[in-house]
Amino acid sequence: MRENTVVKKNDFSKGPVWKCIVAQAVPLTVAQLVQLLYNVVDRIYLGHMEGGNGLALTGVGLTFPIITLIMAFTALFGVGGVPLFSIQRGKGDPEKAGKILGNSFALLMVSSVVLTVLGYVFHKPILFAFGASEESFVYAGEYLRVYLIGTVFSVVTTGMNGYINAQGFPKTGMLSIVIGAVINIILDPLFIFVLDMGITGAALATVISQACSAVWVLHFLFGKKAIIPLKRENIRIGRTITKEICKLGTVNFIMQGTTFLVQIACNTTLQKYGGDPYVGVMTVTNSIRDIFMLPASGIVSGAQPVIGFNYGAKRYDRVKMGIRFNTVTGCIYMLAAWLLIIAFPRFWFGIFSDEPQITGIGIEMLKIYFFGFVFMALQFAGQSAFQALGDAKHAIFFSLLRKAVIVVPLTLLLPRIGFGVKGVFLAEPISNIAGGIACYLTMMLTVYRKLESKSGGTGDEVTEKKRKIR
């Protein structure tokens, strides 16, 4: 009886499509919100730290490419193994699933040690290559030296948490993030202001919170509650399983890699044409973007399983309705977000910094950066449709198109042809408009057109008319 209830509850071919999407999107958005707090709380506190002159924010911003690279390897070895693990569970082969789990854990541990060592040995030349100045390196180096201690904790938490969700324990998986976020939020002001540890305190708070999350994750996976526990004898690297994990993880690795390239291009160009204050402004701008993109990201993430389920069930009319819901909801929200940013730029910037040196220029750059923000909704709707329907090639292509093909070249070119430092911030709206339109039009001319031909009409309205005729 309970099994039938669960199946009915998760039957996305029943009920209004928008309700199915919203029901999925709300918990995902809450989890992403907690994750976002985890990531931005350091920046909020550091932006209001006395005596930093905006350099604390600049320093943290300079570490983003290195942290992104660590996350790229986490996605490669961690996220890449979860689908394989789920497939073996579905096949009823817990022994093979356990080996995949252990292999993934071993890869993550080895990569975390290698990345930590490389980070300590080469962090100074890397930071200067990524746009640090002598002044900002003091903060970036100080933050990174402490942060790297927690690389293994960060990698284990992010890379292994998916295996908890894959065993049907989403609440436990969400608690992995919540525990770390709450501890980080509590420790940040204590270390930064009360104990007067400054940027070192922010990094230490992050390391401690990541360690607590990692302990939680490993306690579950090694414990009795796990359906397929992490066993010591399975913690080994096998050539065949590693190849399979890397094959699936490459998609996520590439997407993280393009973000890595964008961050490097922005930081180095901003340092050359504007100096440390503009790197700090970009750090704040990216943080504001993360906040406003959260609901839109939650909607498309919630829509993907609904769209994919109905596609598998051959309910093509409902697939189209899901895509249209993504588009309309996303455009309305993104337009409202854009207007809010344009109308109250000082308020949003003030959340992260009250430093006069960067607030003045930051408000102007904020307006440039978010121009045409609404077109990101088209990118989200198009790319989520490709992902939900299993079209990985198009999903990867348009991610690369927007970041690697448009943003990076424009970031390097526009300042050199007369736009100066404004060109770096102008690259984002150009990519949003060009990339968003290209992605959405391609989706409409490919997968959506195929849905039209398969459904043979305009959707549920046609079905309803046929019923009436009968």
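Procedures and definitions
Residues numbered from 1 in each chain as written. Predicted model: local features only at pLDDT ≥ 70, side-chain atom pairs only at ≥ 80, totals over all residues. Heavy atoms only, no water. Helix = DSSP H or I, 4+ residues; strand = E, 2+ residues; numbered from the N terminus. Buried < 20%, exposed > 50% of the residue type's maximum accessible area, 1.4 Å probe, protein only. Contact = heavy atoms within 4.5 Å. Areas by Shrake-Rupley, 256 points an atom, 1.4 Å probe, with all protein chains shown as cover. Axes fitted to C-alpha atoms, helices over the stretch in contact; angles between N-to-C directions. Parallel < 35°, antiparallel > 145°, perpendicular 65-115°, else oblique. Left-handed = near helix turned anticlockwise from the far one by under 90°. Phe/Tyr/Trp six-rings, centres within 6.5 Å; stacked < 30°, edge-to-face > 60°. Salt bridge = Lys/Arg side-chain N within 4 Å of Asp/Glu carboxyl O. Core = buried A, V, L, I, M, F, W, Y, C linked by side-chain atoms within 4.5 Å.

Novice: Which residues make up the overall build of the protein, and what values go with them?
Specialist: Check the secondary structure of the protein and you find 18 helices and zero strands. In the protein, which comprises 470 residues, the share counted as buried stands at 53%. The long-range share in the protein, meaning contacts at least 24 apart out of those at least 6 apart in sequence, stands at 83%. Here the protein displays about 21300 Å² of accessible surface, and carbon together with sulfur accounts for 67% of that area.

Novice: Break down the environment of Pro 415 for me, citing the residues and quoting the values.
Specialist: As for its position among the elements, Pro 415 is in the loop between helix H16 (392–413) and helix H17 (422–455). For Pro 415 and Phe 425, which are 10 residues apart along the polypeptide, the C-alpha to C-alpha distance reads 9.8 Å. Not counting chain neighbours up to four residues away, the residues in contact with Pro 415 comprise Thr 269, Tyr 273, Leu 410, Gly 420, Gly 423 and Val 424.

Novice: I'd love a proper account of the packing of helix H12 (residues 316–343) against helix H15 (residues 376–388), names of residues and values included.
Specialist: In the contact formed by H12 and H15, the axes pass within 8 Å of each other and the chain directions differ by 155°. If you check the angle between H12 and H15, you find them roughly antiparallel. Relative to H15, H12 is oriented so that their crossing is right-handed. Here Ile 323, Asn 326, Thr 327, Gly 330, Cys 331 and Met 334 of H12 lie close against H15, whose contacting residues are Met 376, Ala 377, Leu 378, Phe 380, Ala 381, Ser 384 and Ala 385.

Novice: Break down unusual backbone geometry for me, citing the residues and quoting the values.
Specialist: Glycine aside, negative phi is the norm for most residues, and most peptide bonds take the trans geometry. Of note in this structure, Asp 196 is not a glycine but carries a positive phi near 55°. Within the fold, Asp 196 resides in the loop between helix H8 (170–194) and helix H9 (198–222).

Novice: Give a detailed account of the packing of aromatic side chains, specifying residues and quantitative values.
Specialist: Any two aromatic rings considered together are summarised by their centre-to-centre distance and by the angle between their planes. Taken as a whole, this structure holds 14 aromatic pairs when the rule is applied. Judged by centre distance (5.3 Å) and plane angle (70°), the rings of Tyr 369 and Phe 370 are edge-to-face. Summarising the burial analysis for this pair, Tyr 369 and Phe 370 share the class buried.

Novice: Can you break down the environment of Phe 191 residue by residue, with the values?
Specialist: Tracing the backbone through its elements, the reader meets Phe 191 in helix H8. Judged by its relative accessible area of 10%, Phe 191 falls in the buried class. In sequence terms Phe 191 and Ala 203 are 12 residues apart; their C-alpha atoms lie 9.4 Å from each other.

Novice: Before we move on, can you summarise the pattern of salt bridges with the specific residues and values?
Specialist: In total, this model carries six salt bridges according to the counting rule given. Measuring nitrogen to oxygen at the nearest pair gives 3.6 Å for the salt bridge that ties Arg 289 to Asp 290. Here Glu 428 and Arg 402 are joined by a salt bridge, their closest N and O atoms 3.3 Å apart. One end of the pair, Glu 428, is in helix H17; the other, Arg 402, is in helix H16, with 26 residues separating them in the sequence.

Novice: Pulling in residues and values, what's your account of the nonpolar core?
Specialist: Met 160, Met 334, Phe 373 and Phe 425 are the most contacted members of the largest nonpolar core, which has 97 residues in total. When sequence neighbours within four positions are dropped, the list of residues in contact with Phe 425 reads Leu 270, Tyr 278, Val 281, Met 282, Thr 285, Met 365, Ile 368 and Tyr 369. Grouped together as the second largest cluster of nonpolar side chains are 31 residues, Leu 378, Phe 386, Met 443 and Val 447 included.

Novice: Hey, could you go over the side chain of Thr 116 for me, with residue numbers and the actual values?
Specialist: Position of Thr 116 among the secondary structure elements: in helix H5 (residues 94–129). What makes Thr 116 buried here is its relative accessible area of 17%. Those residues in contact with Thr 116 that lie beyond four places of it in its chain are Leu 148 and Thr 151.

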